[in-house]
Amino acid sequence: MKIDEIEKLRIGELLQYTGELIVMRDAAHQKLLELLSKNSQLPVDLNEKIVFYAGPANPPKNSKIGAIGPTTSERMDKYLEMIFKLGVLGTVGKGKRSDLAVKLCIKYKRVYFITPSGAAAYLSKCVKDIRVLAFPELGPEAIYNINVEDFPLMVAIDTNGNQIF
Amino acid sequence: MISKREILEKLTNHIVQVNETINPEVKTYIDEYKGPFSQALKENYKIAEVEKLPLCQDTGIVEFFVFLGNEVILEEPIFSTLSEVVEKVYTENPFRFSLVSDPLFERKNTKNNTPPVVHIFQVSGKSLDIKFLVKGGGSENLSALFMLKPSIGVQELKDVIIGHVKENGAKGCPPLHVGIGIGGTSDKAMVLSKLALTKSFKERNQNPVYADFEEALLKDLNTLKIGFQGLKEGVSVFSVHVEYAPTHIATLPVGVSLDCYLCRKGVVKFEDR
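What you see is a predicted model; the values in this text were computed from it and never measured. (Residues numbered from 1 in each chain as written. Chains lettered and ligands numbered in written order. Predicted model: local features only at pLDDT ≥ 70, side-chain atom pairs only at ≥ 80, totals over all residues. Heavy atoms only, no water.)

### A short note on the UniProt feature "domain: Fe-S hydro-lyase tartrate dehydratase beta-type catalytic" (unreviewed entry) in chain A
In the numbering used here, UniProt assigns the feature "domain: Fe-S hydro-lyase tartrate dehydratase beta-type catalytic" (unreviewed entry) to residues 4-165 of chain A. Span residues 4-165 of chain A is 23% helix and 27% strand, its end C-alpha atoms 24 Å apart. (UniProt positions renumbered as here; feature names shortened; annotations may be inferred. Helix = DSSP H or I, 4+ residues; strand = E, 2+ residues; numbered from the N terminus.)

### Comments concerning the sheet that holds strand S7 (residues 252-259) of chain B
Whenever strands of a sheet pair, they do so through backbone hydrogen bonds, lying parallel or antiparallel. Residue and element names in this part refer to chain B. Ordered in space as S4-S7-S5-S6, the four strands form an open sheet in which the pairing is mixed. Looking at the sheet topology across the chains shown, the edges are occupied by strand S4 (144-148) and strand S6 (237-247). This sheet shows a mean twist of 15 degrees between the axes of neighbouring strands, independent of strand direction. Sitting on the sheet, helix H6 (residues 154-168) touches S4, strand S5 (176-184) and S7, and the angle it makes with S4 is about 155 degrees. (Pairing = 2+ DSSP bridges. Axes fitted to C-alpha atoms, helices over the stretch in contact; angles between N-to-C directions. Contact = heavy atoms within 4.5 Å.)

### As for the sheet that holds strand S1 (residues 61-69) of chain B
Residue and element names in this part refer to chain B. Judged by pairing direction, the sheet is mixed, and its four strands sit side by side in the order S2-S1-S3-S8 without closing on themselves. For this open sheet the edge positions go to strand S2 (117-123) and strand S8 (265-271), each flanked by a neighbour on one side alone. Each strand axis lies, on average, 15 degrees off the axis of its neighbour in the sheet, ignoring direction. As paired strands, S1 and S2 are joined by seven bridges and run parallel to one another. Among the inter-strand pairings, Phe64 is bridged to a residue of S2, identified as Val118. Contacting S1, S2 and strand S3 (127-135), helix H7 (residues 186-196) crosses the sheet at an angle of about 95 degrees to S1.

### Description of the pairing of strand S6 (residues 143-157) of chain A
Residues and elements named next belong to chain A. Burial analysis of S6 places 12 of its 15 residues in the buried class, which makes it a mostly covered element. Where strand S1 (residues 14-23) and S6 come together, nine bridges link them in antiparallel fashion. From the neighbouring strand, Leu15 faces S6, where its bridge partner is Leu153. Both strand S4 (residues 111-114) and S6 contribute to a ladder of three bridges, which runs antiparallel. Residue pairing in the sheet places Phe113 in a bridge with Val155 of S6. Taken together, the six bridges between strand S5 (residues 127-134) and S6 define a ladder with antiparallel strand orientation. Residue pairing for S6: Val127 is matched across the bridge by Val148. (Buried < 20%, exposed > 50% of the residue type's maximum accessible area, 1.4 Å probe, protein only.)

### With respect to the interface of chain B and chain A
Between chain B and chain A, the contact holds 32 residues from the first and 35 residues from the second. When the buried surface of chain B facing chain A is broken down by residue, Phe37, Gln57 and Lys171 of chain B rank first, second and third, together holding 24% of it. Seen at the junction of chain B and chain A, the total is two salt bridges. For the salt bridge of Glu74 of chain A with Lys171 of chain B, the shortest nitrogen-to-oxygen distance reads 3.3 Å. Joining chain B to chain A, the criterion identifies 15 residue pairs in polar contact (both at pLDDT 80 or more). Tallying contributions element by element places helix H3 (residues 38-51) of chain B first for the side of chain B that touches chain A, with seven residues. (Buried area = accessible area lost by both parts, 1.4 Å probe. Salt bridge = Lys/Arg side-chain N within 4 Å of Asp/Glu carboxyl O. Polar contact = N/O pair within 3.5 Å; in protein donor to acceptor, adjacent residues only side chain to side chain.)

### Comments concerning the domain arrangement of chain B
All names here are of chain B. Its domain assignment divides chain B into domain 1 (4-136 + 265-271) and domain 2 (137-259). Domain 1 puts 20 residues into the contact, and the matching count from domain 2 is 24 residues. Roughly 1,900 Å² is buried in total at the junction of domain 1 and domain 2, and carbon and sulfur atoms are behind 69% of that figure. The largest share of the area that domain 1 buries against domain 2 comes from Glu25, Tyr29 and Lys135, three residues that together contribute 28% of it. On inspection of domain 1 and its partner domain 2, the count reaches two salt bridges. A salt bridge links Glu63 to Lys194; its shortest N-O distance comes to 3.2 Å. Inspection of the region where domain 1 meets domain 2 yields nine residue pairs in polar contact (both at pLDDT 80 or more). (Domains from an automatic or database assignment.)

### Let's talk about the packing of H6 of chain B against helix H8 (residues 208-221) of chain B
How two helices sit against one another is set out by the angle between their axes and by the gap between those axes. All names here are of chain B. Packing of H6 against H8 leaves a shortest axis separation of 11 Å and a crossing angle of 45 degrees. As far as their axial angle goes, H8 and H6 are oblique. Seen along the crossing, H6 lies across H8 with a hand that is right-handed. Taken together, the residues of H8 that come into contact with H6 (itself represented by Val154, Leu157, Lys158, Ile161, Ile162 and Val165) are Phe213, Ala216, Leu217, Asp220 and Leu221. Residues belonging to the contact of H6 with H8 are distributed by class as follows: nine nonpolar, no polar and two charged. (Parallel < 35°, antiparallel > 145°, perpendicular 65-115°, else oblique. Left-handed = near helix turned anticlockwise from the far one by under 90°. Nonpolar A, V, L, I, M, F, W, Y, C, P; charged D, E, K, R; others polar.)

### Some details on the pattern of salt bridges
Using the criterion set out here, one finds 25 salt bridges over all chains in the structure. Lys135 of chain B is paired through a salt bridge with Glu140 of chain B; the nearest N and O atoms lie 3.3 Å apart. For Lys135 of chain B, a relative accessible area of 1% corresponds to the buried category. Its relative accessible area of 26% is what places Glu140 of chain B among the partly exposed residues. The salt bridge partner of Arg204 of chain B is Glu214 of chain B, with a shortest N-O separation of 2.7 Å. On the criterion of sequence distance, the pair formed by Arg204 of chain B in the loop between H7 and H8 and Glu214 of chain B in helix H8 is long-range, its members being 10 residues apart. Accessibility expressed as a relative area gives 22% for Arg204 of chain B, which makes it partly exposed. Each of Arg25, Asp26, Arg75 and Glu141 of chain A takes part in salt bridges that share partners, so that together they form one network.

### What about the packing of helix H2 (residues 24-32) of chain B against H3 of chain B?
Residue and element names in this part refer to chain B. In contact at an axis separation of 9 Å, H2 and H3 are set at 140 degrees when each is read in the N-to-C sense. It follows that H2 is oblique to H3 by the angle criterion. Where H2 crosses over H3, the two elements pack in a sense that is left-handed. Contacts from Lys27, Ile30 and Asp31 of H2 reach H3 at Leu41, Lys42 and Tyr45. Along the lines of polarity and charge, the residues of the contact of H2 with H3 split into three nonpolar, no polar and three charged.

What follows is the structure in structure tokens.
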């Protein structure tokens, strides 16, 4: 997805997204924040990426991909400006976000998508590839790169700050 | 004596099953739902069952409610058996390790989803009933304790509960199961609110006054129009259950626990013959 496509999206719009997502949640965000505060180099490039707030389950035997689904986005609101500054175009998760998140979506012209929660077996079928990018010691909280096909998204906050909840 | 092996086998199978198979009471509601993402929710439970995948990636923290008969002899302390059950379930299935040992500083993953949370209630006789919840973190974060004044009326208490669900419900993967614990002490009220979540939707409190309170709350909560996924369509709350206990003259503790739409729970019964 590109910046000009992001700006055209409106709340409630449903998309079948095919492409790349960066999977990270609480602990990985915190680690990135700590690295930034020390002026250390980050182990991931987030420029023009979409971040999916999730932590996958272990994969079944003979498969690389386990159940995966969104976690509560609001917990990540305190890191949102940090990742927008790193070039993130949009975020994917579940549930309503804080007023701060809405303001940041307007300020940086970014969007927030939701994807169905409690549907992790279904969503895992949209994941074609997964690999760890950083912090493998965190287990399900490591940073992953996934390639998805026809991944269901709904625009929950658009670049004008309109929100669905 | 009830053998460790018997507990291990029956409970392990049941916890795996509730992670992979849709709660039959919930299934009816999903099948009727036609709003946003309805197709994904319907296909999800079918894929999970056929492919032995968990319904949700958050396979939870397991919380046990052990009703232990005073004439029961156990092969080993119940906590260690239950810990072993959880370790077996989570290391032998494609589930997620969602527990960290030190909650504040290190937050290091235990890599087997142990330890579980265990509450033991002694009862009379030779039976051992183990109820359990597979509790996701998203809905767990919406738990609340209200220390209210004893003079609060029923309507005011309803308003407190409704206010809490209205403010937070959309974040807990609705439709929700609502557990209310009234009385005891602060900690007891919270445990009772969790125990309330182990009930099936149609069960009502044996005390008709509390049963009416459950029904009235359910009706009121469903006027909130939270809906599936918090998107305002479909039912908001499946059921409300209250557990209560005697309390101090100066207090009225009220615990509120919410369970996500999957309502993963079960009960396994044993007999010491």
